[in-house]
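Listed here are the chains, written in short residue letters.
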Amino acid sequence: MTAPGDTIVRSQCPYCGVGCGIELVVRDNQVVRVQGDPHHPANYGKLCIKGATLDRVLTTPNRLTRAYLRQGRPGAAVHVPIDLSLALRTAADRLRAIIDRHGPDAVAFYISGQLTTETSYLINKLCKGLIGTNNIDANSRLCMASAVAAYTLAFGADGPPCSYADIEVADCFFVIGSNTAECHPVTYRRIEKQVRQHGAQLVVVDPRRTATAKYADLHLPIRPGADAALLNGLLHLLIRDERIDRAYIAQHTVGWDELAATVRTFTPERTAQITGLSIEQIERAAALFGQSKRTLSLWSMGVNQSRNGVAKALGIINLHLATGKIGRPGCGPFSLTGQPNAMGGREVGYLAHQLPGYRLVANPQHRAEVEACWGLPPGAISPRPGLPAVALFEALAAGTIKAIWIICTNPMASLPNLDTVERGLQRAELVIVQDSYADSATLRFADIVLPAAQWAEQDGTFTASDRQITLLNKAIEPPGDARPDWQLVQAVATYMGYGDRLAYRSAAEIYDEFRQLTRGRHPLDVSGVSHARLRQGPIQWPCPDEAHPGTPRLYSDGRFATPDGRARFLPAEFIPPGELPDAAYPFWLTTGRVLEQWHSRTRTGQVPKLNQKATRSYVEIHPDDAAELALVDGEPVNLYSRRGGCTAVVRLNPDIARGVLFMPIHWQDGNPNWATNPIVDPTSKQPELKACAVWLAPASRLLVVDPVQHQPAVMLAPASTDDTGPDQA
Ligand SMILES: Nc1nc2c(c(=O)[nH]1)N[C@H]1C(S)=C(S)[C@@H](COP(=O)(O)OP(=O)(O)OC[C@H]3O[C@@H](n4cnc5c(=O)[nH]c(N)nc54)[C@H](O)[C@@H]3O)O[C@H]1N2
Ligand SMILES: Nc1nc2c(c(=O)[nH]1)N[C@H]1C(S)=C(S)[C@@H](COP(=O)(O)OP(=O)(O)OC[C@H]3O[C@@H](n4cnc5c(=O)[nH]c(N)nc54)[C@H](O)[C@@H]3O)O[C@H]1N2
Ligand code: SF4
Ligand SMILES: [Mo]
């Protein structure tokens, strides 16, 4: 209930990329309730359980309200509180000393799709423009990089072409590698309604029969990593059945004949053999896609997090270009963004190879344009792309990068092959961690801890999956010494001597500089967007002038962002996962999310209502596989790949394919990333977080790997069965 004197402040939910509009009910500098914004086009008032409990995460006991310095060894450190301004100055002095001694490329930033657009813009400018290194990357590398690469290759620019409003006019949904019901719940509710009340068809491609598949007309339990083969097989059938749009192909695309040749060998028989699906399932999927008038394809991490991720995304795009199902209401290849502002981060170019406004580091004209805007001499921006996330932490472990500033992400939880990440953080001369909460595993390695304000404690913008930009209005003051991320970075930069180039007085001023960099660019033009305008409501880009209402759909005129305006057909070459199960490591391990938790749980772990279904890490296994290993539900198991492993409890799940295990990523104890494979897609550099080979065995017996057979040998010795993985014991 709102009481007299309460104020209502509009914002956006800081969890997933659906980008639900929210209203904060504020009383005495406290957010007492969070409700859906009834006018916001992402959610029209609806929220999922995470959004509805947001008022609980701002004043939790684990909030960081002070700065700290490390005492003791990295990893086993004690942190002592210090004055914020002293911490900021110390950070500046130590960064400066490393740059003076080793050059700018010895320094790196690792940031996040959960920062505001303004914050990412400022950090990127400091790094690429002022310090002069492109060693900045973001957790988006683990998340959206394959989609970015595929859109850019096919359309000439990044940017999902669809709108959420397409859901209500689609007659077929092709959901691949996305557990939309748990990860984009409010969007899924709309899909579900269109399926159940308006008869739209739903196809779900996932090795698990997830909640998303509950109302599916067809569920394809694909073998992990085999999506490109399936997509090629579907195109093969669309060609065979004359379900392609030859007029669209002729007018708006290039490369069709070459592409068609590459799918010739993907007969239903061969596709079935690679994917583990039946010929009937493949034929049915092709028929549903081909017969529909308006198909919306939705994808996320089951596609992107693969060494074959770009090809998978291209395979989806190819289906839409070949059938002309793009640029029209209800149609299109729609990559769902994970984080609340991965889109904004892409807009400002926060990955190691990007510059603001969908520009590229490697392009001399792009560098010159950005240097001019930033008032820098020609040549100030390095032409060499920086290191992408996985390589960046390998460089820390190798000692070539000496200092890292980690902001709003928890790499000791979320990167693959945590062993290397840990070695990197231990070896670094300087680790600065800027976080809002005290229980990120990365903090243990921080030399300097900086306390960040939360989303409700500052102004800024987020862009959601469908290019909708929403303003976050400051509702309350941050606790203690916590400050908005951009102000902390600005303060350190000022101590380093860059203050005059970053002299912004507000987030709105930062946005004004950024939007100038997008004027006249196709398709990313936000020059008509300002904080003042966003106060009236969200705006979907492109928005090229202050009177422009925004744009629901890209490429509706059939003109793409390539030099000749035509989209490119590119082969979706199938390459199997980097590691396949064998006698020693007989299971596929795949990983992902559950509805109630957000990533490493620094926020959702604090809300009792979100912790009712699971309290510790678990591994899902098919009951028949469990029976063969004599495992029972709830039993602790050890699970190892060639790189490392962890301990979790068994959960029997008849809806998972045999031979496949699933682990949630949310528990920092019992974390599958000790096991996951750091192999990356060669184009996007996104790691293969969805497939590696593991063995598992009961944790109640001590296991050693026989060095000759590489087989786990069971030793009869007791072992602890508490929450801590053996790697952390
Ligand atoms: N509740 C909740 N929601 C979230 C998040 C969260 O932490 N919690 N995080 C947000 C973020 S950052 C992201 S990126 C999104 C992720 O959203 P999703 O991608 O929907 O989530 P995941 O669970 O990572 O993976 C999706 C599915 O991919 C399947 N999969 C695994 N391997 C393959 C494969 O080879 N092929 C196919 N076709 N499928 C495969 C898995 O079984 C899983 O069901 O969620 C966002 N929303
Ligand atoms: N095996 C496996 N690994 C994965 C994935 C997977 O599917 N499987 N998914 C990958 C994907 S898609 C993603 S996006 C990543 C996510 O991985 P991370 O980004 O590491 O996950 P979070 O727990 O969201 O980390 C955010 C950190 O920032 C802090 N924080 C929250 N708000 C703020 C703020 O406003 N300012 C600052 N400075 N700090 C803040 C939080 O306390 C937390 O420590 O995980 C990746 N890792
Ligand atoms: S669907 Fe996503 S954006 Fe909407 S309330 Fe839930 S977590 Fe927040
Ligand atoms: Mo993500």
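Scroll up to find the structure.
Note that the coordinates shown come from a computational prediction; the quantities given were computed from them, not determined experimentally.

## Some remarks on the overall build of the protein
Link 1 in the chain: When helices and strands are tallied, the protein shows 22 helices and 30 strands.
Link 2 in the chain: For the protein, whose C-alpha radius of gyration is 25 Å, the value lies close to the compact-globule estimate of 27 Å for 729 residues.
Link 3 in the chain: For the protein, the spread of C-alpha atoms along the principal axes amounts to about 70 × 65 × 60 Å.
Link 4 in the chain: Within the span of the protein, comprising 729 residues, buried residues form 63% of the whole.
Link 5 in the chain: Counting only contacts in the protein whose residues sit at least 6 apart along the sequence, the fraction spanning at least 24 positions is 71%.
Link 6 in the chain: Total accessible area on the protein is roughly 25000 Å²; 52% of this is exposed by carbon and sulfur atoms.
Link 7 in the chain: Averaging the locations of the 72 positively and 71 negatively charged side chains of the protein gives two centres separated by 2 Å.

## A look at the sheet that holds strand β5 (residues 78-82)
Link 1 in the chain: Spatial strand order, β5-β4-β18-β17-β16-β6-β7: seven strands in an open sheet with mixed pairing. Single-partner strands in this sheet number two, and they are β5 and β7 (136-138). Each strand axis lies, on average, 20 degrees off the axis of its neighbour in the sheet, ignoring direction.
Link 2 in the chain: Two elements, strand β6 (residues 107-111) and β7, share three bridges in a ladder whose sense is parallel.

## Side note on the pairing of strand β13 (residues 332-335)
Link 1 in the chain: Neither face of β13 is left uncovered, since the one carrying G332 and F334 and the one carrying P333 and S335 both have all their residues buried.
Link 2 in the chain: Taken together, the four bridges between strand β12 (residues 295-299) and β13 define a ladder with parallel strand orientation. Its bridge partner lying in β13, S297 is registered against P333.

## Quick look at the site of ligand 1
Link 1 in the chain: Around ligand 1 there are 35 residues in total, and D206, G225, D227, R593 and Q597 lie nearest to it.
Link 2 in the chain: In this structure, V594 approaches ligand 1 through a main-chain N or O atom, which is 2.9 Å from a nitrogen atom.
Link 3 in the chain: Between ligand 1 and the protein, one listed contact pairs an oxygen atom with a backbone N or O atom of H599 at 3.0 Å.
Link 4 in the chain: Look at ligand 1: alone it shows 920 Å² of surface, and the protein chains cover 99% of it.
Link 5 in the chain: If you list the elements that add at least two residues to the shell around ligand 1, you get α5 (180-183), α12 (301-304) and β23 (587-592).

## A word on the environment of L534
Link 1 in the chain: Topologically, L534 is positioned in helix α21 (residues 531-534).
Link 2 in the chain: Put simply, L534 and S292 are 242 residues apart on the chain and 37 Å apart in space, counted from C-alpha to C-alpha.
Link 3 in the chain: The residues contacting L534, other than those within four sequence positions of it, are T461, I469, L471, V529 and I539.

## Notes on helix α6 (residues 185-198)
Link 1 in the chain: Compared with an ideal rise of 1.5 Å per residue, which puts 14 residues at 20 Å, α6 spans 19 Å between its outermost C-alpha atoms and is within 8% of the ideal.
Link 2 in the chain: Of the residues making up α6, those classed as buried are P185, V186, T187, Y188, R190, I191, E192, Q194 and V195.
Link 3 in the chain: If you follow the buried residues of α6, they end up packed against α1 (49-52), β8 (172-176), α5, β9 (201-205) and β12.
Link 4 in the chain: Of the residues trailing α6, G199 is marked for its positive phi of about 75 degrees.

## What about the pairing of β5?
Link 1 in the chain: Looking at chain direction, strand β4 (residues 67-71) and β5 are connected through five bridges and run antiparallel. The residue bridging Q71 from the neighbouring strand is V78, located in β5.
Link 2 in the chain: Here β4 folds back onto β5, and the loop between the two strands holds six residues, one of which, G72, carries a positive phi near 100 degrees.

## Brief notes about the side chain of T117
Link 1 in the chain: As for its position among the elements, T117 is in helix α3 (residues 117-131).
Link 2 in the chain: Among the polar contacts listed, one links the side chain of T117 to the side chain of N341, at a separation of 3.1 Å.

## Quick notes on the site of ligand 2
Link 1 in the chain: Residues in contact with ligand 2 amount to 32 residues; listed here are only the nearest, S414, D435, S600, T602 and N673.
Link 2 in the chain: Measuring from a nitrogen atom of ligand 2, one finds a side-chain N or O atom of Q305 at 3.0 Å.
Link 3 in the chain: Considering only residue class, the shell around ligand 2 consists of 10 nonpolar, 17 polar and five charged.

## What about the sheet that holds strand β2 (residues 21-27)?
Link 1 in the chain: The strand order across the open sheet built from three strands is β1-β2-β3, with neighbouring strands paired in antiparallel fashion. On the outer flanks of this sheet lie β1 (7-12) and β3 (30-36), each paired with one strand and no other. On average, adjacent strands in this sheet sit at an angle of 30 degrees to one another, irrespective of strand direction.
Link 2 in the chain: Note: β2 against β3, six bridges, orientation antiparallel. Bridge pairing links E23 to Q35 in β3.

Each value, and the rule that gives it
Counting of residues starts from 1 at the beginning of each chain's written sequence and follows it residue by residue. Each chain gets a letter, beginning with A, and each ligand a number, beginning with 1, in the order they are written. Predicted model: local features are reported for residues with pLDDT of at least 70 only, side-chain atom pairs are reported and counted for 80 or more only, and whole-chain, interface and lining totals are derived from all residues. By convention in this description, side-chain values take in all heavy atoms of the structure and omit both hydrogens and water. Under the scheme used here, helices are H or I runs from DSSP no shorter than 4 residues and strands are E runs no shorter than 2 residues, and both carry numbers assigned from the N terminus. For a compact globule the rule gives 2.2 Å times the number of residues to the power 0.38, and the radius of gyration it is set against comes from C-alpha atoms. Throughout this description, buried means an accessible area under 20% of the type-specific maximum (1.4 Å probe, protein chains only), exposed means over 50%, and partly exposed covers the range between. The contact rule is simple, with two residues in contact once any of their heavy atoms fall within 4.5 Å. Method for areas: the Shrake-Rupley scheme with a 1.4 Å probe, in which residue coverage is limited to the protein chains shown. Neither His nor the chain ends contribute to the count of charged residues, in which Lys and Arg are positive and Asp and Glu negative. For this purpose, a charge sits on NZ of Lys, CZ of Arg, CG of Asp or CD of Glu. What makes two strands pair is DSSP finding at least two bridges between them. The angle between two axes is taken between their N-to-C directions and runs from 0 to 180 degrees, where each axis is a line fitted to C-alpha atoms and a helix contributes only its stretch in contact. Here a residue counts as near a molecule or strand whenever at least one of its heavy atoms sits within 4 Å of it. Under this definition, polar contacts are N or O atom pairs within 3.5 Å; protein pairs additionally need one hydrogen-donor-capable and one acceptor-capable atom, and for neighbouring residues in sequence, both atoms have to be side-chain atoms. One less than the number of residues in a helix, times 1.5 Å, gives the span that helix is expected to have. Under the convention adopted here, Pro, Cys and the residues Ala, Val, Leu, Ile, Met, Phe, Trp and Tyr are nonpolar, Asp, Glu, Lys and Arg are charged, and Gly plus all remaining residues are polar.

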